[in-house]
Amino acid sequence: TLLYTIKFENIMLERNNGTSFNIDWIEDIHINTPAVVRSANEVKGRRPLKKEHQAAWLMKAVTVIDLTTLAGDDTFCNVDRLCNYAKNPVRKEILNKLGFDSLTVGAVCVYPNRVKDVCQVMKRLDCHIGIASVAAGFPEGQTPLETRVREVELAVKAGATEIDIVINRTLVLEGRWEELYNEVKACRAACGEAHLKTIIATGHLGDFENVYKASMVSMMAGSDFIKTSTGKEAVNATFPVALVMLRAIRHYMEYTGHKVGFKPAGGIRTAKDCLQWLVLMKEELGVEWLQPNLFRIGASTLLGDIERQLFHYCTGKYASSTYDIAM
């Protein structure tokens, strides 16, 4: 049994109902870029976790993964396999060795056309994890607002419980903040009871000031999570932009009392990467932000490396990807 006691909670928080648009919260924002980069590097340079401590944190990591497939050739078979993996992300013998009966990921994330497939498979598996759908012109956000809002509505109607929208980056680059607020708010209304994750696509925003402002405006408009990237940009989740977004979350909580979640996505492929993100969350926002209701990691291949590390901890040998670990 692990020496660390791990709490796994996925009770969704009270919704972030947003606020009226307040330009004062984003005016005169100046960010010290060298200081941000230095702070981010300090967290990444921390001494790595070892042995049972690493295993405990990796088990926690599994519970915050949004297991994702966003490929043009996705089929029902792909989705079926993904859902089964989401319900059983770690081999039973490894779970038993670590003192667990079962473990699931945070959610499955697909395109809107595949949401019905996910619902069908999850019902068959009697699995009750989040069903997330990208929407609103993903990944570029360059379709008309009416089209984007309708896509959100259709995804929710199909059964999505979480919606990952992407903002129109043009509005950020041109400083049209109230227009951005209104667009995110319209998508939030279209979500109904589904939780809204807003992707600000940090790799396209130019500077840290824009990252902060886009984060704050998205939260004002009612986003339950803010998310770094679509995973399709040349530059995806990085520690410096994450640090800026996490400070925005902290400031929003100070202003309103509402806790907003955070989701990095794109390029997080190894157990080591994952552990660094967990440490960053704990350092910046505290232990509460290590729960699935406030932290997710968007990933498609990360689980394989996590399971390999857990296999090594349990057996003392390195797994063969072709034999010991199911692909």
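Residues numbered from 1 in each chain as written. Predicted model: local features only at pLDDT ≥ 70, side-chain atom pairs only at ≥ 80, totals over all residues. Heavy atoms only, no water.

**A few points about the sheet that holds strand E7 (residues 261-263)**
Right, on to step 1. The strand order across the open sheet formed by 8 strands is E7-E6-E5-E4-E3-E2-E1-E8, and the pairing between neighbours is parallel. Every interior strand has two partners, whereas the edge strands, E7 and strand E8 (297-299), have only one. For this sheet, the mean inter-axis angle between neighbouring strands, taken without regard to orientation, is 25 degrees.
Right, on to step 2. The strands that helix H12 (residues 302-315) touches are strand E1 (65-68) and E8; relative to E1, the one it contacts most, it runs at about 125 degrees. (Pairing = 2+ DSSP bridges. Helix = DSSP H or I, 4+ residues; strand = E, 2+ residues; numbered from the N terminus. Axes fitted to C-alpha atoms, helices over the stretch in contact; angles between N-to-C directions. Contact = heavy atoms within 4.5 Å.)

**Here we look at empty space enclosed by the protein**
Right, on to step 1. For the structure on display, the rule yields 2 cavities of 30 Å³ or more.
Right, on to step 2. Ala 136, Leu 145, Arg 148, Ile 165, Val 166, Ile 167, Asn 168, Glu 183, Val 184 and Cys 187 are the residues that line the second largest cavity.
Right, on to step 3. Of all the secondary-structure elements, those providing two or more residues to the lining of the second largest cavity are helix H6 (145-158), strand E4 (162-166) and helix H8 (177-191).
Right, on to step 4. Among the elements that take part in the lining of the second largest cavity, H8 stands out by supplying 3 residues, more than any other.
Right, on to step 5. Residue composition of the lining of the second largest cavity, grouped by class: 7 nonpolar, 1 polar and 2 charged. (1 Å grid on protein atoms, 1.4 Å probe; cavity = no way out; pocket = protein on both sides within 12 Å on 5 of 7 lines; lining within 4 Å. Points joined across faces, edges and corners; volume = space filled by probe spheres on them. Nonpolar A, V, L, I, M, F, W, Y, C, P; charged D, E, K, R; others polar.)

**Digging into the nonpolar core**
Right, on to step 1. Counting residues in hydrophobic clusters, the biggest one holds 107 residues, and the most contacted among them are Val 152, Ile 163, Met 216, Phe 262, Trp 277, Ile 306 and Leu 310.
Right, on to step 2. Element by element, the count of residues in this core is highest for helix H10 (residues 239-256), at 10 residues.
Right, on to step 3. When near neighbours in sequence (up to four residues on either side) are disregarded, Trp 277 contacts Ala 237, Thr 238, Phe 239, Ala 242, Phe 262, Pro 264, Ile 268 and Phe 295.
Right, on to step 4. In terms of nonpolar packing, the next biggest core, distinct from the first, is built from 7 residues, Leu 70, Cys 109, Ala 132 and Val 134 among them. (Core = buried A, V, L, I, M, F, W, Y, C linked by side-chain atoms within 4.5 Å. Buried < 20%, exposed > 50% of the residue type's maximum accessible area, 1.4 Å probe, protein only.)

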